[in-house]
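# Inside the fold
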Amino acid sequence: MFLTRMNNGVAKTAKSWTRMTGAAALLGATVLGAGQALAQEAVIGAAKPEQLGMQEAATSIAADSHHFHNVVLLPIITVITIFVLLLLLYIMFRFRASKNPVPSKTTHHTGLEIAWTVIPVLILIVVAIPSFKLLYKQLDLPQADLTIRAIGHQWYWSYEYPDNGNFTFDANMVPTDKLQPGQLRLLETDNEVVVPVGKNIRIQITSTDVIHSWTVPSFGIKHDAVPGRVNESWFNIDTDKPGLYYGQCSELCGTAHAFMPIKIRAVTDAEFQAWVAEAQKKFAKVDGVTVPGSNPTDVAVAAPVSTQPAN
């Protein structure tokens, strides 16, 4: 009797262990699959909880901007701040009323006036040289492999791909109650901008109503979208950084200013060509000729626009 009960107990334990190991294996496979999906959908260009500093740079322009901030601007402002603090503390101690009951009558000091004029000028020169180099790199467009137009509206963005069939689509923010698991609140759009990595991409930015600003921190891009004008910039995403990048309109443009995000998916060239083939069927043409099943959209820029920079 005792042996029978013991055998039954061992059998039950074995069955329970089998169920537990099976559940663990299923959970492990699910987690692994989710991890692989997450790796494929790597979110690179977005703020992270408790993050310090700027978003990860995905282009040479953004990397140079970070270097300029971290190596040039930050040390300079740190030294200035510490110097001013020490100077204030020294003045508070050295020239306090209890120690100097009779205040000094000195009103001019030639050496001091020369110093506080020349030193700031030298600091500005040190800042200006790398700043001008960075601005020149940002605005001197290289030979473009791909051109995209970004058009601001109240309150969404629309995009055109003139080099790939001249199709266009709108990108509206996904409401919070319709977000899928893993999606970022106030940053997801119903249609994504898809670009290839390792290519020089020219972005032409304009608007149809008020001033907006097309800003993607990881690309080092922030340009105003001005009605009747076109601002141009460019970016080249590092080949080892495909993934998702986010931005937002950074110019106060009305009541829904905070709800016109930018979502960009960087992919390989082969994946981009496959997406273009699908997008040519899915989206409307800029010239108004649509294809079956395409989404309706407004024509971005109906009248000729000036390419002169905004004042």
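Predicted, not measured: the structure shown is a model, and the values here were computed from it.

Let's shift gears to the overall build of the protein. When you go through the protein residue by residue, the secondary structure sums to four helices and twelve strands. Each of the 311 residues in the protein was classed as buried or not, and the buried ones make up 32%. Residue pairs in contact within the protein that sit at least 24 positions apart in sequence constitute 67% of those at least 6 positions apart. With the model as given, the accessible surface of the protein reaches about 19,200 Å², and the carbon-plus-sulfur share is 64%.

Right, let's talk about the side chain of Asn231 for a bit. As for its placement among the helices and strands, Asn231 is situated in strand E9 (residues 231–235). Asn231 sits in the buried class, given a relative accessible area of 15%. A distance of 2.7 Å separates a polar side-chain atom of Asn231 from the backbone oxygen of Asp224.

We now examine the packing of helix H2 (residues 60–94) against helix H3 (residues 110–139). H3 packs onto H2 with a crossing angle of 170° between their chain directions and a minimal axis gap of 11 Å. The angle between H2 and H3 falls in the class roughly antiparallel. Between H2, through Ser60, Ile61, Asp64, Ser65, Phe68, Val72, Leu73, Ile76 and Ile80, and H3, the contact on the second element is made entirely by Ile123, Val126, Val127, Pro130, Ser131, Leu134, Lys137 and Gln138. Taken together, the residues of the contact of H2 with H3 sort by class into eleven nonpolar, four polar and two charged.

Right, let's get into the state of the cysteines. Linking two cysteines covalently via their sulfur atoms produces the bond known as a disulfide. According to the stated counting rule, one finds zero disulfides in the structure shown. Cys253 takes part in no disulfide bond, and the closest cysteine sulfur to it belongs to Cys249, at a distance of 3.9 Å.

With that settled, the discussion passes to the nonpolar core. Grouped together as the largest cluster of nonpolar side chains are 38 residues, with contacts concentrated most on Tyr159, Trp214 and Trp275. Apart from the residues within four sequence positions on either side, Tyr159 is in contact with Ile148, Arg149, Ala150, Phe167, Thr168, Phe169, Ala171, Val193, Trp214 and Ile262.

What follows deals with the sheet that holds strand E2 (residues 146–153). Strand order across the open sheet formed by six strands is E9-E6-E2-E3-E4-E12, with mixed pairing between neighbours. Every other strand in the sheet has two partners, leaving E9 and strand E12 (284–285) as the edge strands with one partner each. Both strand E6 (residues 201–207) and E9 contribute to a ladder of five bridges, which runs antiparallel. Residue pairing in the sheet places Ile203 in a bridge with Ser233 of E9. Against the sheet, helix H4 (residues 269–282) makes contact with E2, strand E3 (156–161), strand E4 (167–171) and E12, and its axis sits at roughly 90° relative to E4, the strand it touches most.

Moving on: the pattern of salt bridges. Scanning the entire structure with this criterion turns up seven salt bridges. For Arg149, the salt bridge identified is with Glu160, shortest N-O distance 3.1 Å. Here Arg149 is found in strand E2, whereas its partner Glu160 is found in strand E3, with eleven residues between them in sequence. Looking at Glu160, the relative accessible area reads 3%, which means it is buried. Its salt-bridge partner being Glu192, residue Lys263 comes within 2.9 Å of it at the nearest N-O pair.

On to the packing of aromatic side chains. As enumerated under the stated definition, the model contains twelve aromatic pairs in all. Members of the aromatic cluster, connected to one another through ring pairs, are Tyr159, Tyr161, Phe167, Phe169, Phe272, Trp275 and Phe283. Stacked on the ring of Phe95, the Lys or Arg Arg94 has its end atom at 5.1 Å from the ring centre. Stacked on the ring of Phe93, the Lys or Arg Arg96 has its end atom at 4.6 Å from the ring centre.

Of note, Asn191 is situated in the loop between E4 and strand E5 (193–196). Polar side-chain contacts of Asn191 include one of 2.8 Å to the backbone oxygen of Asp170. Those residues in contact with Asn191 that lie beyond four places of it in its chain are Phe169, Asp170, Ala171, Lys282 and Phe283.

For the rest of this paragraph, the subject is the pairing of E5. Here E5 shows no split at all, with Val193 and Val195 on one side and Val194 and Pro196 on the other all buried. Two elements, E5 and strand E11 (residues 261–267), share four bridges in a ladder whose sense is parallel. Residue pairing for E11: Pro196 is matched across the bridge by Val267.

Note the cis peptide between Gln154 and Trp155, where omega equals 0°. Among the secondary structure elements, Trp155 is positioned in the loop between E2 and E3. Even without glycine at this site, Glu50 takes up a positive phi of about 60°.

Moving on to the confidence of the model for the protein. Chain-level pLDDT for the protein is 82 on average; 79% of the residues reach the 70-or-more range. Within the model, the stretch residues 1–40 combines pLDDT values under 50 with zero contacts to residues more than four positions away or in other chains. Here residues 289–311 is a poorly scored stretch, pLDDT under 50, and it has 44 contacts once near neighbours within four places are set aside; other chains count.

Reading the values: the criteria
- Residues numbered from 1 in each chain as written.
- Predicted model: local features only at pLDDT ≥ 70, side-chain atom pairs only at ≥ 80, totals over all residues.
- Heavy atoms only, no water.
- Helix = DSSP H or I, 4+ residues; strand = E, 2+ residues; numbered from the N terminus.
- Buried < 20%, exposed > 50% of the residue type's maximum accessible area, 1.4 Å probe, protein only.
- Contact = heavy atoms within 4.5 Å.
- Areas by Shrake-Rupley, 256 points an atom, 1.4 Å probe, with all protein chains shown as cover.
- Polar contact = N/O pair within 3.5 Å; in protein donor to acceptor, adjacent residues only side chain to side chain.
- Axes fitted to C-alpha atoms, helices over the stretch in contact; angles between N-to-C directions.
- Parallel < 35°, antiparallel > 145°, perpendicular 65-115°, else oblique.
- Nonpolar A, V, L, I, M, F, W, Y, C, P; charged D, E, K, R; others polar.
- Disulfide = S-S within 2.5 Å.
- Core = buried A, V, L, I, M, F, W, Y, C linked by side-chain atoms within 4.5 Å.
- Pairing = 2+ DSSP bridges.
- Salt bridge = Lys/Arg side-chain N within 4 Å of Asp/Glu carboxyl O.
- Phe/Tyr/Trp six-rings, centres within 6.5 Å; stacked < 30°, edge-to-face > 60°.
- Lys NZ or Arg CZ within 6 Å of the ring centre and 35° of its normal.
- pLDDT = per-residue confidence, 0-100.

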